[in-house]
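# Descriptive analysis of the structure
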Amino acid sequence: SIIGSHCIGIEIIIDLLMGELKFSPELAYVGSSGGLAAVMLGEADIAGVHLLDDGTGQYNLPFLKRYFIDDKAVVVRGYLREQGFILEKGNPKRIGGFEDLLRKDVKFVNRGLGSGTRAMLDREMKKIAERIGLKPNEIPQRVRGYSMELKSHTEVAKAVSHAKADVGLGIRAVAEKHGLGFIPLAEEYFDFVIDKKRLKKPLVNSFIEMLGSDRFKMEVEKNAPGIKIIEETGKLIYEP
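Residues numbered from 1 in each chain as written. Predicted model: local features only at pLDDT ≥ 70, side-chain atom pairs only at ≥ 80, totals over all residues. Heavy atoms only, no water.

### A look at the overall build of the protein chain
As a reminder of what qualifies: Strands are runs of DSSP state E lasting at least two residues, helices are runs of H or I lasting at least four, and both sets are numbered from the N terminus onward. Three exposure classes are used, based on accessible area relative to the maximum for each residue type with a 1.4 Å probe and protein chains only: buried under 20%, partly exposed in between, and exposed over 50%. What makes two residues a contact is simply this: any of their non-hydrogen atoms within 4.5 Å. Computed with a 1.4 Å probe, the accessible areas rest on the Shrake-Rupley method; for each residue, only the protein chains presented here act as cover. Note on charges: Lys and Arg go in the positive column, Asp and Glu in the negative column, and His and the chain ends are not counted at all. Charged groups are reduced to one reference atom each: NZ for lysine, CZ for arginine, CG for aspartic acid, CD for glutamic acid.
Summing up its helical and strand segments, the protein chain has nine helices and 12 strands in all. Oriented by its inertia axes, the alpha-carbon framework of the protein chain measures out at about 55 × 35 × 30 Å. Looking at the 240 residues of the protein chain, the share that counts as buried comes to 51%. Considering only residue pairs separated by 6 or more positions, the protein chain has 76% of its internal contacts joining residues 24 or more positions apart. Looking at the protein chain as shown, the accessible area adds up to about 11,500 Å², and 52% of this sits on carbon and sulfur atoms. Charge separation in the protein chain, taken as the distance between the mean sites of 36 positive and 34 negative side-chain charges, equals 4 Å.

### Observations regarding the pairing of strand β3 (residues 46-49)
The criterion, for reference: Only strands joined by at least two bridges in the DSSP assignment are considered to pair.
By the alternation rule, side chains of β3 split into I46 and G48 and A47 and V49, which are all buried. Here β3 pairs with strand β10 (residues 181-195) via four bridges, running antiparallel. When the bridges of β10 are listed, A47 appears paired with V193.

### Things to note about a nonpolar patch on the surface
As a reminder, the rule being used: The residues that make up patches have over 30% relative accessible area and no salt bridge, and they are joined within 9 Å when like-charged or within 5 Å when they are Val, Leu, Ile, Met, Phe, Trp or Tyr. By definition here, a salt bridge exists when the distance from a side-chain nitrogen of Lys or Arg to a carboxyl oxygen of Asp or Glu is within 4 Å.
On the surface, a cluster of nonpolar side chains totalling about 340 Å² of accessible area is made up of M40, L41 and F68. Position of M40 among the secondary structure elements: in helix α2 (residues 31-40).

### Quick word on unusual backbone geometry
At N91, a residue that is not glycine, the phi angle is positive and equals roughly 50°. Given the relative accessible area of 15%, N91 is considered buried. With phi around 55°, R94 is a residue other than glycine that occupies positive phi space. By the secondary structure assignment, R94 is in the loop between β6 (73-87) and β7 (108-111).

### Observations concerning the packing of helix α1 (residues 8-18) against helix α8 (residues 202-211)
Filter applied, for reference: An axis is simply a line fitted to the C-alpha atoms; with a helix, the fit covers only the stretch in contact. Between two such axes, the angle follows the N-to-C directions and lies from 0 to 180 degrees. An angle counts as roughly parallel when it lies under 35 degrees, as roughly antiparallel when it exceeds 145, as roughly perpendicular when it falls between 65 and 115, and as oblique in every other case. In a left-handed crossing the near helix is turned counterclockwise from the far helix by less than a right angle, and in a right-handed crossing that turn is clockwise. Each residue is assigned to one of three groups, with Ala, Val, Leu, Ile, Met, Phe, Trp, Tyr, Cys and Pro labelled nonpolar, Asp, Glu, Lys and Arg labelled charged, and all others, Gly among them, labelled polar.
Put simply, α1 and α8 touch, their axes get as near as 10 Å, and they point 115° apart. Relative to α8, the element α1 lies roughly perpendicular. Helix-helix and strand crossings are classified by hand; for α1 and α8 the assignment is right-handed. Taking contact as the criterion, the partners of I13, L16 and L17 in α1 are, on α8, S206, F207, M210 and L211. Of the residues that constitute the contact of α1 with α8, the class distribution is six nonpolar, one polar and no charged.

### Topic: the pairing of β10
When β6 meets β10, the two strands line up antiparallel, connected through 13 bridges. Its bridge partner being in β10, V75 is matched across the sheet by V193.

### Description of α2
α2 sits mainly inside the fold: seven of its 10 residues count as buried. Backbone geometry just after α2 places G42 at a positive phi near 75°.

### Details of the packing of aromatic side chains
Note the cut-off: Only centres within 6.5 Å qualify two rings of Phe, Tyr or Trp (six-membered ring in Trp) as a pair; their planes then separate them into stacked at under 30 degrees, edge-to-face at over 60, and tilted for everything else. A ring is scored as having a charge over it whenever the NZ atom of a lysine or the CZ atom of an arginine sits within 6 Å of its centre and within 35 degrees of its normal.
Following the criterion strictly, the structure yields seven aromatic pairs and no others. Taking the centre distance of 6.2 Å and the plane angle of 70° together, the rings of Y79 and F192 count as edge-to-face. Taken together, the positions of Y79 in strand β6 and F192 in strand β10 put the pair 113 residues apart, joining distant regions of the chain. Of the two residues, Y79 and F192, both sit in the buried class. Aromatic pair F192 and F207: ring centres 5.2 Å apart, planes at 75°, arrangement edge-to-face. Linking F192 in strand β10 with F207 in helix α8, this pair joins segments that are 15 residues apart in sequence. A relative accessible area of 0% places F192 in the buried class. When its relative accessible area of 3% is taken as the criterion, F207 is described as buried. The ring of F63 has R66 lying over it, and the distance from NZ or CZ to the ring centre is 4.4 Å. The ring of Y189 is capped by R77, whose NZ or CZ atom sits 3.9 Å from the centre of that ring.

### Here's the deal with the pattern of salt bridges
Using the criterion set out here, one finds 22 salt bridges in the structure. The shortest N-O distance in the salt bridge between E149 and R118 comes to 3.0 Å. With E149 in strand β8 (residues 149-150) and R118 in helix α4 (residues 116-132), the pair connects residues that are 31 residues apart, well separated along the chain. When its relative accessible area of 44% is taken as the criterion, E149 is described as partly exposed. By relative accessible area, R118 is classed as buried at 5%. We note a salt bridge from E219 to K222, for which the minimum N-O separation is 3.5 Å. Separated by three residues within a single helix, E219 and K222 lie in helix α9 (residues 214-223), roughly one turn from each other. Under the relative-accessibility criterion, E219 is labelled partly exposed at 24%. When its relative accessible area of 61% is taken as the criterion, K222 is described as exposed. When salt bridges that share partners are traced, they join D45, D195, R198 and K201 into one network.

The structure is reproduced here in structure tokens:
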């Protein structure tokens, strides 16, 4: 079972594996924090995670201790991916940065608490609140659509393409797949936290192998703009 953050990269790996092996994938997109909690509770084989630690400026590894899994989980390096604003092609509302989300004529669509994308939004909005003299808890009332929480990047893209929102946060690959505009804001590490005991499972091994394969790299280059395979992709970057 794969529980955690949503990414088109995971969908590509599953599709490639299903072309070779007979299995029915168990996927639950509950955000990065939900994925780490599922590993902690022994409910997940693999968790997709992209959480930035403010203190160290490091992605993902500092969170193992916080979820008490630094002695029972390994981390396999995933890839880099571009996060940014998903909006209408041509950007008719002229949205340029997080400050624009406070405009009355801009309707936003949010992601759920516990997702790395939501953590990025709240981090940036807190900085703006400090700069303009607002309390951080005043931000939700100032951002139209802040309380509309969706589960995945795909749902955000659909909300924008059906004109239910002007803008949401998500990854470039999904924006382009839905024919929408994209403004890059950050490049982040999307990694895989794996329960150490589950490394013996053949499917878990097949997942890691596919992640590091040339076939995956080719598929990503063809179908997932904004996702970048790096030298460490598919390699163990942490073990207790």
